[in-house]
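Summary of structural features
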Amino acid sequence: KLSSATRKRNFEHHKHLLETIYKCLPMIFRRLTKNKVKPFINDFFDALFYGLKSDMNLLKAASVECLQSLSLLLGPNILKGRIEMTNYDMMLYVQSAYPETVGL
């Protein structure tokens, strides 16, 4: 599973791996239907939150772009609800730092 790769942080260049994954996920999501994406998105939220708070700007930008792509595919309210269910602190952070991502 691709989501299991996002949990690997025990090597020096793990942030580059996450950046690459989050650059590719929007392309993968666009080719799948909403119903095929929904069961898997929760697996990526913890790593997305890690990317949003990262000190590496390229990882942060890729994470924001990935969330924006999810918002377009699922709708901002569905994305917001999924994030709230998984990690409420992430929702508060996204709402304050990146309000356009969840349609605010």
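This report concerns the structure included in the present document. (Residues numbered from 1 in each chain as written. Predicted model: local features only at pLDDT ≥ 70, side-chain atom pairs only at ≥ 80, totals over all residues. Heavy atoms only, no water.)

1. What about the overall build of the chain?
Counting its regular elements, the chain contains seven helices and zero strands. Reading the chain from its N end, one meets helices and strands in the order α-α-α-α-α-α-α. For the chain, the C-alpha radius of gyration of 13 Å lies close to 13 Å, the compact-globule estimate for 104 residues. Its C-alpha atoms put the chain at 35 × 30 × 20 Å along the principal axes. With 104 residues in all, the chain has 40% of them scored as buried. Counting only contacts in the chain whose residues sit at least 6 apart along the sequence, the fraction spanning at least 24 positions is 66%. (Helix = DSSP H or I, 4+ residues; strand = E, 2+ residues; numbered from the N terminus. Rg over C-alpha atoms; globule rule 2.2 N^0.38 Å. Buried < 20%, exposed > 50% of the residue type's maximum accessible area, 1.4 Å probe, protein only. Contact = heavy atoms within 4.5 Å.)

2. Description of the pattern of salt bridges
What the rule picks out here adds up to two salt bridges. Here E19 makes a salt bridge to K23, at a shortest N to O gap of 3.0 Å. Placement of the pair is E19 and K23 together in helix α2 (residues 14-31), with a separation of four residues, close to one helical turn. By relative accessible area, K23 is classed as partly exposed at 43%. (Salt bridge = Lys/Arg side-chain N within 4 Å of Asp/Glu carboxyl O.)

3. Thoughts on a nonpolar patch on the surface
Judged by side-chain polarity, L2, I28 and L32 come together as a nonpolar surface patch covering roughly 220 Å² of accessible area. Following the sequence through the fold, I28 ends up in helix α2. (Patch = residues over 30% accessible without salt bridge, like charges linked within 9 Å, V, L, I, M, F, W, Y side chains within 5 Å. Areas by Shrake-Rupley, 256 points an atom, 1.4 Å probe, with all protein chains shown as cover.)

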